[in-house]
Structure formats: C-alpha cells, structure tokens
Amino acid sequence: MNIILMGCPGAGKGTQSAKLLQTFPLHHISTGDVLRAEIASGSPLGKQLGEIVNKGNLVPDELMVQMLEKIVKSTDKGIIFDGFPRTVPQAEALDAMMQRLNRAITHVIMIDLPAEEVVNRICSRRQCKKCGAILRVDIKNPLEKCSACGGELYTRPDDTPERATHRLEVYRNSTLPVKNYYQTSGKYVEVNGNQTPEKVFEDITKILEK
Ligand code: AMP
C-alpha cells in the first residue's frame, strides 16, 4: 500500500497519518515535518527553507523531489505521502520515481474540507513539542500543555490568520490541479473532512480495506 493523503492545509492529513500508523505497518513521510526539521537544525539550507516555509510559500519542486527520493529509497515499507505532491510537476516526478523503484501509488485520498473551515482550523492548531500530537484548542482560552503527555504546545509560525489565508490561496492555485491529475487514475477517492477525526479515520480505513 502506498497512499497519498491530499487536502488543504488544516484538513487533518497529519492527524489521520498518525492514526493510520497505529493500524497499518506503513512509513510516514510528511514533507512539512522534514522541512521543519531542516529549518530547526539551523543549517544554511534550513535558513533558506525557513524563508520560504514560514511565509507559506512552496519550496521549489526540484529540491522537494530530491529530498523525497532519498526518503522513499530508505524504506521498503508501504508509504503514506503526507503533503506531497503539492504541484503537478511533483505528481509527475513521483509517478516516474515510483515506476523506477518498481513501486506504485495504490490510493489517493482527498480529505475534503470547506474553505470557510480552513483558516479557523489552522489558527486553532497547536502541536506538542514532546510527543508531536496535533491538537485543536479554543483560541479564546488556549491550552498550554498537551492533553496527551503534558508537553509544551507551540503554534507553527505559518499558522497565523494571514499566512493561513495565503496558504489556502497557494493550495487553490498549485495543489488543486493535482486533484485533476489523479481523478482519472482509478485510485482517487474523497472523504468528508468536516467530521470528527475518528469518523474520518473510519471512512479512510473502509477505503483501504476494500
Ligand atoms: P505542511 O506541514 O504539509 O502543512 O507543510 C508546511 C509547509 O512546508 C508548506 O506550507 C510549504 O511551505 C512546505 N512544503 C511542505 N510540503 C511541500 C511540498 N511537497 N512542496 C513544496 N513545499 C512544501
């Protein structure tokens, strides 16, 4: 099984990936996490990436494809692609890479969320520094500690209202065309992302167990 999880920012790709990993023996590649780790390392590349990512823009395709190929080659397990591909050239490069490596994408799952939900969701998102859990908080009275492990919570620098609005725009312009790319592949399915995470997971599991 090699699954692409698609969806706008805040749709729940990270949350659903974490749930999938508890049930299926898959390797999770979140390109956002890979980029954030490089930025946090403070390397010269990380500094350049920070300029792009923290503004909510997309990292150039060629660099993303190179980073991804290294990770794909490092595992024999089935993969959850979370946050990749984000452009049609990335989708084309992924197809070519998978073919070269004798692998294939088996499912493209779009977590569908109404645009009016997106900015709210993103701005109420917090991530735990310790266990990585992604939580939604009440913006007026936000939690300070992770409800799962008590770790410190942080807000991603690209999760402000202005940047969330910009990321949604980037998504519409660059990533939505990826949906058309896969729609005729026979692998593309949509799930309603405007439900509890448990219900979304149930819907995804049904698709994978078919
Ligand atoms: P995410 O954690 O998936 O929301 O990604 C956070 C940010 O990382 C995005 O807003 C982009 O700046 C960058 N990013 C993640 N994946 C990609 C990708 N496949 N192509 C280009 N930029 C990416």
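The paragraphs below set out a description of the structure included in this document. (Residues numbered from 1 in each chain as written. Predicted model: local features only at pLDDT ≥ 70, side-chain atom pairs only at ≥ 80, totals over all residues. Heavy atoms only, no water.)

### Here we look at the environment of Q127
What counts is decided by this rule: A run of H or I in DSSP counts as a helix once it spans at least four residues, and a run of E counts as a strand once it spans at least two, with each numbered from the N terminus. Burial classification: accessible surface area is computed with a 1.4 Å probe over protein chains only, and a residue below 20% of its type maximum counts as buried, one above 50% as exposed, and the rest as partly exposed. Residue contacts follow a heavy-atom distance rule, with two residues in contact if any of their heavy atoms lie within 4.5 Å. N or O atoms closer than or at 3.5 Å make up a polar contact, with two conditions inside protein: a donor-capable atom paired with an acceptor-capable one, and, for residues adjacent in sequence, both atoms drawn from side chains.
By secondary structure assignment, the location of Q127 is in strand β5 (residues 125-128). According to the relative accessible area criterion, Q127 is buried, its value standing at 14%. Not counting residues up to four positions away in its chain, the partners in contact with Q127 are G132, A133, I134, E152, L153, Y154 and R156. For Q127, the side chain forms a polar contact with the main-chain oxygen of G132, separated by 3.0 Å.

### Brief notes about the pattern of salt bridges
The condition is simple: Note on definitions: salt bridges are taken to be side-chain nitrogens of Lys or Arg within 4 Å of carboxyl oxygens of Asp or Glu.
Taken as a whole and assessed by the stated rule, the structure comprises 15 salt bridges. Between E69 and K73 there is a salt bridge, with the nearest N and O atoms lying 3.1 Å from each other. Taken together, the positions of E69 and K73, both in helix α4 (residues 61-73) and four residues apart, correspond to about one turn of that helix. Exposure remark for E69: the relative accessible area of 16% places this residue in the buried category. With a shortest N-O distance of 2.7 Å, K199 and D203 are connected by a salt bridge. One end of the pair, K199, and the other, D203, are both in helix α8 (residues 197-209), four residues apart, so they sit about a helical turn from each other. Given the relative accessible area of 16%, D203 is considered buried.

### Observations concerning the pairing of strand β1 (residues 3-6)
To keep it simple, the criterion reads: At least two bridges found by DSSP between two strands is the condition for calling them paired.
Here β1 shows two buried faces, one formed by I3 and L5 and the other by I4 and M6. Alignment of β1 against strand β3 (residues 78-82), held across three bridges, turns out to be parallel. Along β3, the bridge assignment pairs L5 with D82. Of the pairings in the sheet, the one linking β1 to strand β4 (residues 107-112) comprises four bridges and is parallel in character. When the sheet's bridge partners are listed, I4 is paired in β4 with V108.

### Regarding the sheet that holds strand β8 (residues 188-192)
Pairing between the strands of a sheet is mediated by backbone hydrogen bonds and can be parallel or antiparallel. The condition is simple: All axes here are fitted lines through C-alpha atoms, helices being fitted over the stretch that makes contact, and every angle between N-to-C directions spans 0 to 180 degrees.
Here we have five strands laid out as an open sheet, ordered β2-β3-β1-β4-β8, and parallel in their pairing. Of all strands in the sheet, those bounded by a partner on one side alone are β2 (26-30) and β8. Here the average twist between neighbouring strands, direction ignored, is 20 degrees. Along the sheet, α4 contacts β2 and β3; its crossing angle with β2, the most-contacted strand, is approximately 165 degrees.

### So, the packing of aromatic side chains
Our working definition: Each aromatic pair joins two rings of Phe, Tyr and Trp (for Trp, the six-membered one) with centres within 6.5 Å, and gets the label stacked for planes under 30 degrees apart, edge-to-face for over 60, and tilted for any other angle.
Taken as a whole and assessed by the stated rule, the structure comprises one aromatic pair. Ring geometry for Y181 and Y182: centres 5.0 Å apart, planes at 90 degrees, overall edge-to-face. On the basis of relative accessible area, Y181 is assigned to the partly exposed category, the value being 27%. Residue classification places Y182 among the buried residues on the basis of a relative accessible area of 3%.

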